[in-house]
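# Coordinate inspection notes
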Amino acid sequence: MIDTPFPWQTAIQYIKGVGPNRAALFQKLEIQTLEDLLYFIPFRYEDRSGLKKISELRPGEIETVVGEVVAVGMSETSRRRMKVVDLAISDPSGLLHAKWFNQPYLKTAFKKGDRVMLNGKVKRGYSVGLAFEMESPHYEKVGDNEAQVHIDRIVPVYHETKGITSKALRSLTFQALARYGTQIPDFLPPDLIRKFHLPSLREAIQHIHFPPKGTDLSELNAGKSLAHKRLAFDELFLLECGLALRQQGRTEQVEGIAFDTSEAIVEPLRKLVSFSLTGAQERVLSEIAPDMASVHPMHRLIQGDVGSGKTIVALLSLLIAIENGYQAAIMAPTEILAEQHDFSLRAYLEARGKSMLLLTSDMKKSNKTEALEQIGSGQVDLVIGTHALIQEGVAFANLGLAVVDEQHKFGVLQRAKLVLKGSQPDLLIMTATPIPRTLAMTLYGDLNISVIDELPPGRTPIRTRLFSGRQRDQVYRLVEAELAKGHQAYVVCPLVEESEKLDLKAATELYALFQTETFPQRKIGLLHGRMKREEKETMMRQFKDKRIDLLVATTVVEVGIDIPNASVMVIEHVERYGLSQLHQLRGRVGRGTAQSVCLMIADYPISKEGKQRLQAMVDTSDGFKIAEADLAIRGPGEFFGTRQAGLPSLKIANLMRDVKILEAARKEAFAWVKEDPALSTPDSLALRATLERKWQGKLEWLTLA
Ligand code: ADP
Ligand code: MG
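Residues numbered from 1 in each chain as written. Chains lettered and ligands numbered in written order. Predicted model: local features only at pLDDT ≥ 70, side-chain atom pairs only at ≥ 80, totals over all residues. Heavy atoms only, no water.

## Considerations on the overall build of the chain
The test is simple: Helix and strand assignments come from DSSP, with helices taken as H or I runs of at least 4 residues and strands as E runs of at least 2, each series counted from the N terminus. Only the protein chains shown count as covering a residue, and every accessible area follows the Shrake-Rupley method with a 1.4 Å probe. Charge counting treats Lys and Arg as positive and Asp and Glu as negative, with His and both chain ends excluded. Every charge is mapped to an atom, namely NZ of Lys, CZ of Arg, CG of Asp or CD of Glu.
Along its length, the chain carries 25 helices and 21 strands. Each of the three principal axes of the chain carries a C-alpha extent, and together these read 95 × 75 × 45 Å. About 32500 Å² of surface is accessible on the chain, with carbon and sulfur atoms providing 51% of the total. In the chain, the 90 positive side-chain charges and the 87 negative ones have mean positions that sit 5 Å from each other.

Structure, rendered in structure tokens:
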């Protein structure tokens, strides 16, 4: 018998019931092939298995009934003038009303005589005698012939798009499963299936769409049914196999630079630092040193909360590379931060008789040409830059170590480009976004991770308070009280989505108001992204030198800025920011020994999610807890920006919910690849084909990271 491969890649238009016209609509749901259709997972499930007669309905329960439309009408409520659509259906046992508010289009959705299914909470009807009613039930028209698909079972509900209803997807998936379902081959090694008691792939796909009778509805809706677990395992296992293969390629082949990290090199550098390092900083340095000494290129991530002192660790590493006769580079996401590094690192380099320069995109042409020459000839030892560092035309003579600061602001490709500016340089990347270790290893591939889990001594936790827009005067009084003590303040202005221009207007207006009315005695500064580099530099310098008391700024100050004397952070329109961003902004204060405050001004109404976010800010200043809350509120997709982090987006697995599965999948995948590096044993063949299919075009992209 000849094995024909399963037709995963069959274009959706050739699936019975689709055709070329509807195929275009499916594109919007990113469904192009049979595989995409089978992996288009329901986002919730409805239990329609206990179909009831209308006379059997119990008030207070969520029930499902099917009946025939006897009347549809629309009225208006007297008090709030809401439009109410009222539908009446009947079955041989009785009459049931359904109501929807403010959805007038529903009036035309039903016709007398239609058979419809309603699923919702049953109430006693007030308006119509003793009959029952449902408020805003889920509804679906049901034909007679398809009853087995849509009613009398747990049914899947899918995300819809224009022209494709959840019901249509259900029908189509049902048909596709009837036609192809039994032939779905497995690819997971049988040992693993047994070890984790997983269902077969065929069964998992069947059951994730059409769960068998008796499946726990809440487990299904939480994405925790057996079928979900199997598919989540698959997804994470394939991902980790890809990462394992990639890592194996790297460590075996690549030779980089083995730096001398002996006492003779390092001791004089440590003497330059005026404070003593924290235990955590010491530990991280002791993790970096062997990496740098090894001939394999270092790929290390430093995680440390805002203010934990990552810069000094990076600086010492940069200096080690430079003392070894190599060039070093540090890339920062904003010009202001690059300038700050330029300013604060300069003394250290000068003390060692080394040279440095700052490379930004708005440099004058002649300056830039000169800078590029110095970089290319190896004359300059340390280059600090923004994205300008990775532009074409920047060529290092001998880049030994590349540091990426605030790495979450960059994408994988940008990181990769920086590395390509040298010949296998060491790479150190830094972030304040803490995430669990397994997650981090997955997200950042084969990076080793160091954690700075200790703040420099003498810090007092920041006090965070929430105010409404009407309490602005109170906020400003608090600010004035801090300024009177000789401290300084930031006021960060509304973040208007994607519009730098509007940001600017708000900041400029507030600046004018502060100067003339609110704080006429104080020196006010203004800082935003549209200013020329010299202007920004001057402004930051003045703030640092305490010649400015209060700095009105846009989110250009979000990351990295370090002015220990600033003890007040006011955030306007706080409801518009994400949690991690708020934590970063707040991290601009609390960097000295004085008690710092973060005063958040919210304009109402705020969404429920917004309130959770702000409460989390008030409740904790621990970056790890904040990240957890952020993850829980936003979900991992948005939180990590998996695309940005270089991962294919996950359809089934949820990195937060499925951490345990992730850990198991990672362990097994790495073990499997170690055992069979070429995936050439009979047990690996199906796995390999699946990897090739799923990672098509992506694997190569990932190898760059
Ligand atoms: P981040 O981790 O947010 O980048 P920074 O590197 O900017 O933090 O450090 C925050 C502040 O703490 C800086 O002013 C820095 O000089 C100071 N700092 C760092 N390490 C120590 C230490 N071991 N002792 C005292 N101050 C420190
Ligand atoms: Mg920093």
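There's plenty left to go through after this.
## Some details on the nonpolar core
Counted only if it meets this: Nonpolar cores are built from buried Ala, Val, Leu, Ile, Met, Phe, Trp, Tyr and Cys residues. Side-chain atoms within 4.5 Å join them into one set. Partly exposed describes any residue whose relative accessible area lies between the buried limit of under 20% and the exposed limit of over 50%, with all areas from a 1.4 Å probe on protein chains only and scaled to the type maximum. Contacts were defined at the residue level, with two residues in contact if any of their heavy atoms lie within 4.5 Å.
Of all hydrophobic cores here, the largest spans 60 residues; its most connected members are L38, L169, I205, L231, F237 and L687. Looking at this core, the elements with two or more residues in it are helix 1 (19-27), helix 2 (34-38), helix 4 (166-180), helix 5 (190-195), helix 6 (201-209), helix 8 (226-253), helix 23 (659-675) and helix 24 (682-694). With 10 residues, the single largest contributor to this core is helix 8. What L687 contacts, discounting residues up to four positions off in sequence, is F187, F237, L238, C241, W672 and L679. Formed by 42 residues, the second largest nonpolar core is a distinct cluster that contains I265, L277, V284 and A321.

## Quick word on the sheet that holds strand 11 (residues 356-359)
Sheets are built from strands paired through backbone hydrogen bonds, the pairs being either parallel or antiparallel. Heads up, the rule is: By this definition, two strands are paired if DSSP reports at least two bridges between them. Only C-alpha atoms enter the line fits that serve as axes; for helices the fit covers just the stretch in contact. Angles between N-to-C directions range over 0 to 180 degrees.
Taken in spatial order, the seven strands make up an open sheet running 11-12-10-13-14-9-15, and their pairing is parallel. Bordering the open sheet on either side are strand 11 and strand 15 (448-452), each of which pairs with just one other strand. Across the sheet, the mean angle separating the axes of adjacent strands is 20° when strand polarity is ignored. In terms of strand pairing, strand 10 (residues 327-331) meets strand 13 (residues 399-404) through five bridges, oriented parallel. Directly across from Q327, in strand 13, lies its bridge partner L399. Strand contacts of helix 13 (residues 365-377): strand 10, strand 11 and strand 12 (382-385), with the helix running at about 130° to strand 11, the strand carrying the most contacts.

## Some details on the pairing of strand 3 (residues 83-91)
Where strand 2 (residues 62-76) and strand 3 come together, eight bridges link them in antiparallel fashion. When the bridges of strand 3 are listed, V69 appears paired with I89. Between the antiparallel neighbours strand 2 and strand 3 lie six residues, among them R81 with a positive phi of about 55°. Alignment of strand 3 against strand 4 (residues 94-101), held across eight bridges, turns out to be antiparallel. Each residue of the ladder has a partner; that of I89, found in strand 4, is L96. Here strand 3 hands over to strand 4 after two residues, the two strands then running antiparallel side by side.

## A short note on the pattern of salt bridges
Just so we agree on the cut-off: In what follows, salt bridge is the name for a side-chain nitrogen of Lys or Arg lying within 4 Å of a carboxyl oxygen of Asp or Glu.
This model, assessed by the stated rule, comprises 36 salt bridges. We note a salt bridge from R283 to E287, for which the minimum N-O separation is 4.0 Å. One end of the pair is R283 and the other is E287, both in helix 10 (residues 279-293) and four residues apart, which spans about a single turn. Overall, R283 belongs to the partly exposed group, its relative accessible area being 34%. Here the salt bridges do not stand alone but share partners, grouping R44, E46, R48, E140 and R170 into one network.

## Focus on the domain arrangement of the chain
Put simply, the test is: What marks off one domain from the next here is an automatic or database domain assignment.
Each assigned domain of the chain is listed here: domain 1 (1-48 + 165-216), domain 2 (50-152) and domain 3 (463-620). Inter-centroid distance (C-alpha atoms) of domain 1 to domain 3 is 51 Å.

## With respect to the state of the cysteines
Note the threshold: Only a pair of cysteine sulfur atoms within 2.5 Å counts as a disulfide in this structure description.
This structure, assessed with the given rule, holds zero disulfides. Left without a disulfide partner, C598 is nearest to the cysteine sulfur of C493, which lies 14 Å away.

## So, the site of ligand 1
Put simply, the rule is: One heavy atom within 4 Å of a molecule or strand makes the whole residue count as near it. Side-chain atoms alone can form a polar contact between residues adjacent in sequence; in general such a contact is a pair of N or O atoms within 3.5 Å, and within protein one must be able to donate a hydrogen while the other accepts it. Just so you know the grouping, Ala, Val, Leu, Ile, Met, Phe, Trp, Tyr, Cys and Pro go in nonpolar, Asp, Glu, Lys and Arg go in charged, and all remaining residues, Gly too, go in polar.
In the vicinity of ligand 1 there are 17 residues, among which G307, K310, T311, R459 and D562 approach most closely. A distance of 2.8 Å is found between an oxygen atom of ligand 1 and a side-chain nitrogen or oxygen belonging to K310. At a separation of 2.8 Å, an oxygen atom of ligand 1 approaches a polar side-chain atom of R459. Here ligand 1 has 570 Å² of accessible area as a free molecule, and 85% of this is covered by the chains. Across the shell around ligand 1, the residue classes break down as five nonpolar, seven polar and five charged.

## Focus on unusual backbone geometry
Non-glycine residue H197 carries a positive phi angle of around 50°. Within the secondary structure, H197 sits in the loop between helix 5 and helix 6. Located in the positive-phi region is K546, a residue other than glycine, with phi close to 65°. Relative to the helices and strands, K546 is located in the loop between helix 18 (533-544) and strand 19 (550-553).

## Here's the deal with the side chain of H487
Note on placement: H487 falls in the loop between helix 16 (472-484) and strand 17 (488-492). Polar side-chain contacts of H487 include one of 2.9 Å to the side chain of E482. Apart from the residues lying within four places of it in its own chain, the contact partners of H487 are E482, D549, N565, S567 and A594.

## Examining helix 12 (residues 335-351)
In plain terms, the rule: A helix is expected to span 1.5 Å multiplied by its residue count minus one. Two axes enter the definition of the bend at a residue: one is fitted to the seven residues ending there, the other to the seven starting there, and the bend is the angle between them.
Taking 1.5 Å as the rise per residue, helix 12 with 17 residues should run 24 Å; its terminal C-alpha atoms sit 25 Å apart, in good agreement. By the largest-angle criterion, L345 marks the main kink of helix 12, which is about 40°. Buried within helix 12 are the following residues: E335, I336, L337, A338, E339, Q340, H341, D342, L345, Y348 and L349. For helix 12, the secondary structure elements touched by its buried residues are helix 11 (310-323), strand 10, strand 11, strand 12, strand 18 (524-527) and helix 18. Positive backbone phi, at 65°, marks G353, one or two positions downstream of helix 12.

## Considerations on the sheet that holds strand 19
On the basis of which strands lie adjacent, the open sheet formed by six strands has the order 16-21-20-17-19-18 and parallel pairing. Looking at which strands have only one partner, the edges of the open sheet turn out to be strand 16 (463-468) and strand 18. On average, each strand axis in the sheet is inclined to that of its neighbour by 20°, with strand direction left out of account. Bridging between strand 18 and strand 19 involves four bridges; their strand directions are parallel. Looking across to strand 19, one finds that I524 is bridged to L550.

## Thoughts on the pairing of strand 2
Pairing analysis gives seven bridges linking strand 2 to strand 5 (residues 115-124), with the strands arranged antiparallel. Looking at strand 5, one finds that T64 is bridged to N119.

## A look at the packing of aromatic side chains
To be explicit about the condition: Two rings belonging to Phe, Tyr or Trp (six-membered ring only in the last case) form a pair when the distance between their centres is within 6.5 Å. Interplanar angles under 30 degrees mark stacking, angles over 60 mark edge-to-face geometry, and anything in between is tilted.
Under the defined criterion, the tally for this structure stands at 15 aromatic pairs. When the ring of F233 is compared with that of F237, the centres are 5.7 Å apart and the planes differ by 10°; the resulting orientation is stacked. Of the two residues, F233 and F237 are both situated in helix 8; the distance of four residues between them amounts to about one turn of the helix. Since its relative accessible area comes to 3%, F233 is described here as buried. With 5.2 Å between their ring centres and 85° between their planes, Y476 and F514 make a pair best called edge-to-face. One end of the pair, Y476, is in helix 16; the other, F514, is in helix 17 (residues 500-518), and 38 residues separate them in sequence. Overall, the relative accessible area of 8% leaves Y476 in the buried class.

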